[in-house]
Number of protein chains: 2
Amino acid sequence: MRNILIIGAGKSASYLIKYFLEKSHSENLHITVGDINLESAQKLVGTHENASAIELDVFNQESRQAAIKEAAIVVSMLPARFHIEVARDCVSFGKNMVTASYISDEMRALDDAVKEKGLVFMNEIGVDPGIDHMSAMEVIDRIRDNGGKMILFESFTGGLVAPESDTNLWNYKFTWNPRNVVLAGQGGAAKFIQEGTYKYIPYNRLFRRTEFLNVEGYGRFEAYANRDSLKYRSVYGLDDVLTLYRGTIRRVGFSRAWQMFVILGMTDDSYIMENSAEMSYRDFVNSFLPYSPTDSVELKMRHNLKIDQDDTLWEKLLELDLFNPNKKVGLKDATPAQILQKILMDSWTLAPEDKDMIVMYHKFGYEKEGEKYQIDSKMVILGEDQTYTAMSKTVGLPVAIATIKILNGEITTPGVQLPITKEVYRPILDELETFGIKFIEKKVPYFGYNHDTIV
Amino acid sequence: MRNILIIGAGKSASYLIKYFLEKSHSENLHITVGDINLESAQKLVGTHENASAIELDVFNQESRQAAIKEAAIVVSMLPARFHIEVARDCVSFGKNMVTASYISDEMRALDDAVKEKGLVFMNEIGVDPGIDHMSAMEVIDRIRDNGGKMILFESFTGGLVAPESDTNLWNYKFTWNPRNVVLAGQGGAAKFIQEGTYKYIPYNRLFRRTEFLNVEGYGRFEAYANRDSLKYRSVYGLDDVLTLYRGTIRRVGFSRAWQMFVILGMTDDSYIMENSAEMSYRDFVNSFLPYSPTDSVELKMRHNLKIDQDDTLWEKLLELDLFNPNKKVGLKDATPAQILQKILMDSWTLAPEDKDMIVMYHKFGYEKEGEKYQIDSKMVILGEDQTYTAMSKTVGLPVAIATIKILNGEITTPGVQLPITKEVYRPILDELETFGIKFIEKKVPYFGYNHDTIV
């Protein structure tokens, strides 16, 4: 039996473990799930004969190393900042390793040692990062192999609520870490390149510089720019590309409404509000509006944000019960962002029967023999329920498939890496298709960036 | 002869040194001016028989300590972060010390040692901080001594261009560090309290939440909120006050126009722009606007900022030559804020004959025997020329006067302090009046905060 150690039994581990358990007989696997909370681990393995749950505190060197020594390969599903201890042990004990997280500087620093031992440390192999890398590189390599020269790459991903569960005016519910949603876009200007010109969008304009995306069968979406669209420029071999843009997908209208929170300062996580525990939702809103001895919070809000009386933005605010003078925030020493998150969680938490949805959209522009072409490639994945979500499926399956392929010697090139080589993405994308994770490609006329202006 | 050591012969030292030199005979003073640039020091002392210039590198312990040992009192006019080395030596050698800077945590930590040695370390005794503290405390103490209870304190200061030199559409020129002007308001939400309610303004709204101020003989001004209006709440004994607000004064219309730069992201100092040296002013503007194959930078700007064709905002932009495709930025690896500063310095640098102006405006609200009252107190100081500026006068004179009064044993209470006690502010304000630095007080009806709404 080959022992796979999975560290971290969180939300995204459900599909991953299901995949391993189903393969445990044919692939001769034993699955060990370690978590700081033994119950969480036990819940995921159930009573399966080829699986066991252990208590594992990643900061307890002795138990961590004991578990890693026993493993044939290690999958770390911990938050990204906790991988490094595991990674160092994997180097020491000569174990391959898989994570769905961005490669940290510390992780990258292990590259020489990993190569020296002939190990494979596969990272960024979830959905975003992960499926985005693989699906993009598959098309980019194909275009190049056919003599095309890449001139444009745009890529968008969104974690959303499935259409059947899309029941609020924002067309949004929290399907992943709510805190990341509240803080999205903060920490510096968004940077990208359009038709050869570098462009920068400050946080206060980020949600007002969106573009629309149509996905057949699912209608219209919008996207706002990610922080650094240029991060993978060299990695993808796109140094000469004229347009490079990455974004986050929301339903149309979300960003324009979210902008209200940005403008008022409600997403700020840098200071603590006075009396936050005792404050009502209405007080919270009023903190960001000028004092008036006569005017209502509602009128001050409409006036400050210039919201017309018949603008649907207003309905969105009312739906959140934002002006309620009786609902207390109840969080001590909270930042505006923490309070906003609390208010949004009242409205945007998934109901037990709700399903989620992952949408990914790539645009590839290229030149061949003097002509310009464009391929649009789109993927939509729906969740099954609140355990087997679209998010856990699209994160967990690529991790799981990569793990088995490394274990079986089908992926062998050593080093700290992400899945951008044919050796890696080809077999994984093929197997993902058998689970319904596939892209629909369409050739479209080349529009360049700003097609609304031209057509 | 009593030796006064002045460290730092910068812009604000002119009036200070002039004051000392004029008093050198009657007060039996020798003035030693030390600067890392010997010429700067020499220029300020001239050929005066009671003065000498020395080269002094504050990081050279030997020469620094030698100079301090020789002094009867030390005045540090260095940038605030350099005071601490001087302060530690002053403790060691038992010398009193004066600075115009905010008390740093490091400086405050010396308080016990300073008291133990019976020394006076007077700080925050320039204009803002300085004259604002003294003039405010004088009125606050008077109100309290007469049985009044403070309910409102608002305080505004601005360094501006004098009316006779006010020749551009922005009604603004750089009379002090331009970098501070470009970065003003960044680093966190502005916080204050109005009629008992805490209020917060994020950076993206700061320049749109101004209030107007009228100063007789000088017309109308506007003010935007400072970062932390509550900083001196306890220091001034205003813990129970309902309204506490501090702001920065500009001419009307400045803030609404400045907001364009904020919204576009041009004041951002956190990242370096690609190809900044080769970029034209027009390219700089275009970096913050969406790509278009057809529309001009001008139209994109008008559209993005919703500037009507007849809005005077537009003239202000044209005056800066912001759309010039031929003027190069010429700064390597520059941030947006650095580039904006460069562009503004083309237009906003004082001409040789230009004069500056300092405006200060306090509002004091109080209750007495069930009635509410308000006192408005205003000060305007005009510069004489580009050496004897209003800024150097209002910073230098209080420092100089305090220095002599400490030297003469008229200010004796030991400790690291700021000028908020009667012992300190009373004689200094009296002497400042003889130099024309005085406030005009007026009793006005109590309006509370938001008087525009009520009257």
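Residues numbered from 1 in each chain as written. Chains lettered and ligands numbered in written order. Predicted model: local features only at pLDDT ≥ 70, side-chain atom pairs only at ≥ 80, totals over all residues. Heavy atoms only, no water.

K.L.:
Quick question: what am I supposed to make of the overall build of chain A here?
P.N.:
Of regular secondary structure, chain A possesses 17 helices and 16 strands. Its C-alpha radius of gyration of 24 Å places chain A within 12% of the 23 Å reference for a compact globule of 455 residues. Based on the C-alpha atoms only, the size of chain A along its principal axes is roughly 75 × 60 × 40 Å. Among the 455 residues that make up chain A, the fraction classed as buried is 58%. Per element, the accessible surface of chain A, about 18,500 Å² overall, is 48% carbon and sulfur. (Helix = DSSP H or I, 4+ residues; strand = E, 2+ residues; numbered from the N terminus. Rg over C-alpha atoms; globule rule 2.2 N^0.38 Å. Buried < 20%, exposed > 50% of the residue type's maximum accessible area, 1.4 Å probe, protein only. Areas by Shrake-Rupley, 256 points an atom, 1.4 Å probe, with all protein chains shown as cover.)

K.L.:
Can you walk me through the packing of aromatic side chains in this structure?
P.N.:
Ring pairs (aromatic) are described by centroid distance and by the angle formed between their planes. With the rule as written, the count across this model stands at 58 aromatic pairs over all chains. Taking the centre distance of 6.2 Å and the plane angle of 45° together, the rings of Tyr 200 of chain A and Phe 288 of chain B count as tilted. Remark: Phe 288 of chain B occurs in the loop between α11 (281-286) and α12 (297-305) and Tyr 200 of chain A occurs in strand β9 (residues 197-201); the pair is interchain, linking two chains. Of the two residues, Tyr 200 of chain A and Phe 288 of chain B, neither departs from the other in class, the shared state being buried. Clustering of aromatic rings is evident, with ring pairs tying together Trp 170, Tyr 172, Phe 174, Tyr 203, Phe 207, Tyr 224, Phe 254, Trp 258, Phe 261 and Trp 348 of chain A. Here Arg 302 of chain A stacks its cationic end above the ring of Trp 314 of chain A, 4.1 Å away from the centre of that ring. Here the guanidinium or amino end of Lys 18 of chain B rests over the ring plane of Tyr 388 of chain B, the centre of that ring lying 4.8 Å away. (Phe/Tyr/Trp six-rings, centres within 6.5 Å; stacked < 30°, edge-to-face > 60°. Lys NZ or Arg CZ within 6 Å of the ring centre and 35° of its normal.)

K.L.:
Would you take a moment to explain the domain arrangement of chain A for this structure?
P.N.:
Domains assigned within chain A are domain 1 (2-122), domain 2 (131-257 + 352-390 + 437-444) and domain 3 (272-334). The C-alpha centroid of domain 3 of chain A is placed 46 Å from the C-alpha centroid of domain 1 of chain A. (Domains from an automatic or database assignment.)

K.L.:
Would you explain the sheet that holds strand β2 (residues 29-35) of chain B in this entry?
P.N.:
The strands that make up a sheet are held in pairs by hydrogen bonds between backbone atoms, and each pair lies either parallel or antiparallel. All names here are of chain B. Ordered by their spatial adjacency, 7 strands build an open sheet running β3-β2-β1-β4-β5-β6-β15, and the pairing between neighbours is parallel. Edge strands, defined here as strands with exactly one partner in the open sheet, are β3 (51-55) and β15 (415-417). Strand-to-strand twist of the sheet, defined as the mean angle between neighbouring strand axes without regard to direction, takes the value 15°. Both strand β1 (residues 2-7) and strand β4 (residues 73-76) contribute to a ladder of 4 bridges, which runs parallel. (Pairing = 2+ DSSP bridges. Axes fitted to C-alpha atoms, helices over the stretch in contact; angles between N-to-C directions.)

K.L.:
I keep staring at the relation of the copies chain B and chain A and nothing clicks. Help me out?
P.N.:
With an RMSD of 0.0 Å, the operation that places chain B on chain A is a rotation of 180° combined with a shift of 0.1 Å along the axis. Such a combination of turn and shift is consistent with a two-fold rotation axis. The position closest to the rotation axis in chain B is occupied by the C-alpha of Asn 204 of chain B, lying 3.2 Å away. (Least-squares fit on C-alpha atoms with pLDDT ≥ 70 in both.)

K.L.:
I would appreciate a short explanation of the interface of chain B and chain A in the present structure.
P.N.:
Chain B puts 37 residues into the contact, and the matching count from chain A is 37 residues. By the criterion of area lost to chain A, the three top residues of chain B are Tyr 200, Glu 274 and Tyr 291 of chain B, representing 23% of everything that side buries. Inspection of the region where chain B meets chain A yields 2 salt bridges. A salt bridge links Glu 274 of chain B to Lys 191 of chain A; the nearest nitrogen and oxygen atoms lie 2.7 Å apart. Viewed at the interface, chain A and chain B are joined by 20 residue pairs in polar contact (both at pLDDT 80 or more). Those elements giving two or more residues to the side of chain B that touches chain A turn out to be β8 (190-194), β9 (197-201), α9 (203-206), α10 (254-264), α12 and α17 (451-454) of chain B. (Contact = heavy atoms within 4.5 Å. Buried area = accessible area lost by both parts, 1.4 Å probe. Salt bridge = Lys/Arg side-chain N within 4 Å of Asp/Glu carboxyl O. Polar contact = N/O pair within 3.5 Å; in protein donor to acceptor, adjacent residues only side chain to side chain.)

K.L.:
Even after reading the chapter, I still don't get the pattern of salt bridges, so can you show me in this structure?
P.N.:
All names here are of chain A. One pass over the structure, following the stated rule, counts 50 salt bridges over all chains. When the shortest N-O distance is used, the salt bridge between Glu 85 and Arg 64 registers 4.0 Å. Of this pair, Glu 85 sits in helix α4 (residues 83-93) while Arg 64 sits in helix α3 (residues 61-70), and the two are 21 residues apart along the sequence. With relative accessibility at 4%, the residue Arg 64 sits in the buried group.

K.L.:
Looking at this structure, how should I read the side chain of Lys 95 of chain A?
P.N.:
Residue and element names in this part refer to chain A. Mapped onto the secondary structure, Lys 95 falls in the loop between α4 and β5 (96-99). The buried charged residue Lys 95 lacks any salt bridge partner; its closest oppositely charged side chain belongs to Glu 70, at an N-O distance of 7.9 Å. At 3.2 Å, the side chain of Lys 95 forms a polar contact with the backbone oxygen of Lys 69. Setting aside chain neighbours within four positions, we find Lys 95 in contact with Ile 68, Lys 69, Ala 71, Val 74, Cys 90, Leu 119 and Phe 121. (Lys, Arg positive; Asp, Glu negative; His and termini not counted.)

K.L.:
How should I be thinking about a positive patch on the surface in this particular structure?
P.N.:
On the surface, Arg 208 and Lys 306 of chain A together with Arg 208 and Lys 306 of chain B cluster together into a positively charged patch. In this structure, Arg 208 of chain A sits in the loop between α9 (203-206) and β10 (211-215). Given a relative accessible area of 34%, Arg 208 of chain A falls into the partly exposed group. (Patch = residues over 30% accessible without salt bridge, like charges linked within 9 Å, V, L, I, M, F, W, Y side chains within 5 Å. Charge placed at Lys NZ, Arg CZ, Asp CG, Glu CD.)

K.L.:
Can you help me understand the pairing of strand β14 (residues 371-382) of chain B in this one?
P.N.:
Regular strands place side chains that alternate from one sheet face to the opposite one. Residue and element names in this part refer to chain B. Here strand β13 (residues 356-368) runs beside β14; their pairing, made up of 12 bridges, is antiparallel. Looking across to β14, one finds that Gly 365 is bridged to Gln 374. Connecting the antiparallel pair β13 and β14 is a turn made up of 2 residues, with Glu 369 showing a positive phi of about 50°. Across 5 bridges, β14 lies against strand β16 (residues 440-444) in antiparallel orientation. If you follow Ile 375 over to β16, its bridge partner there is Lys 443.

K.L.:
What's the story with the packing of helix α3 (residues 61-69) of chain B against helix α4 (residues 83-93) of chain B in this structure? I'm lost.
P.N.:
Residues and elements named next belong to chain B. Interhelical geometry of α3 versus α4 gives an angle of 50° and a closest axis separation of 10 Å. By the criterion of interaxial angle, the relationship of α3 to α4 is oblique. Judged by the sense of rotation from one axis to the other, the crossing of α3 with α4 is right-handed. When α3 is examined against α4, the residues Arg 64, Gln 65, Ile 68 and Lys 69 are found in contact with a partner set consisting of Glu 85, Val 86, Asp 89, Cys 90 and Phe 93. Of the residues in the contact of α3 with α4, the class split is 4 nonpolar, 1 polar and 4 charged. (Parallel < 35°, antiparallel > 145°, perpendicular 65-115°, else oblique. Left-handed = near helix turned anticlockwise from the far one by under 90°. Nonpolar A, V, L, I, M, F, W, Y, C, P; charged D, E, K, R; others polar.)

K.L.:
What's the story with unusual backbone geometry in this structure? I'm lost.
P.N.:
Leaving glycine out, the prevailing phi sign among residues is negative, and the prevailing peptide bond configuration is trans. Residues and elements named next belong to chain A. At the junction of Asp 128 and Pro 129, the peptide bond is cis and its omega measures out at 15° in the coordinates. With respect to the secondary-structure elements, Pro 129 resides in the loop between β6 (120-122) and α7 (131-145). A positive phi angle is found at Glu 124, which is not glycine, with a value near 55°. Within the element layout of this structure, Glu 124 appears in the loop between β6 and α7. Glu 124 sits in the buried class, given a relative accessible area of 3%.

K.L.:
Which parts of the structure should I look at to understand the nonpolar core?
P.N.:
Soluble, globular proteins show a tendency: their nonpolar side chains are buried together. Counting 156 residues, the largest nonpolar core has Ile 4, Ile 6, Phe 20 and Phe 121 of chain A together with Trp 258, Phe 261 and Met 301 of chain B as the members making the most contacts within it. Apart from the residues lying within four places of it in its own chain, the contact partners of Phe 20 of chain A are Ile 4, Ile 6, Leu 29, Ile 31, Val 75, Ala 400, Thr 403 and Ile 404 of chain A. Counting 154 residues, the second-largest nonpolar core is a separate cluster that includes Ile 343 of chain A together with Met 97, Ala 390 and Ala 402 of chain B. (Core = buried A, V, L, I, M, F, W, Y, C linked by side-chain atoms within 4.5 Å.)

K.L.:
Explain the pairing of strand β7 (residues 149-161) of chain B here, please?
P.N.:
Residue and element names in this part refer to chain B. Where burial is concerned, most of β7 is hidden: 12 out of the 13 residues are buried. Bridge count between β7 and β13: 12 bridges; the pairing is antiparallel. By the bridge assignment for β13, Gly 159 is matched with Ile 358. Across 6 bridges, the pairing between β7 and strand β12 (residues 243-251) is parallel. The residue bridging Phe 153 from the neighbouring strand is Leu 244, located in β12.

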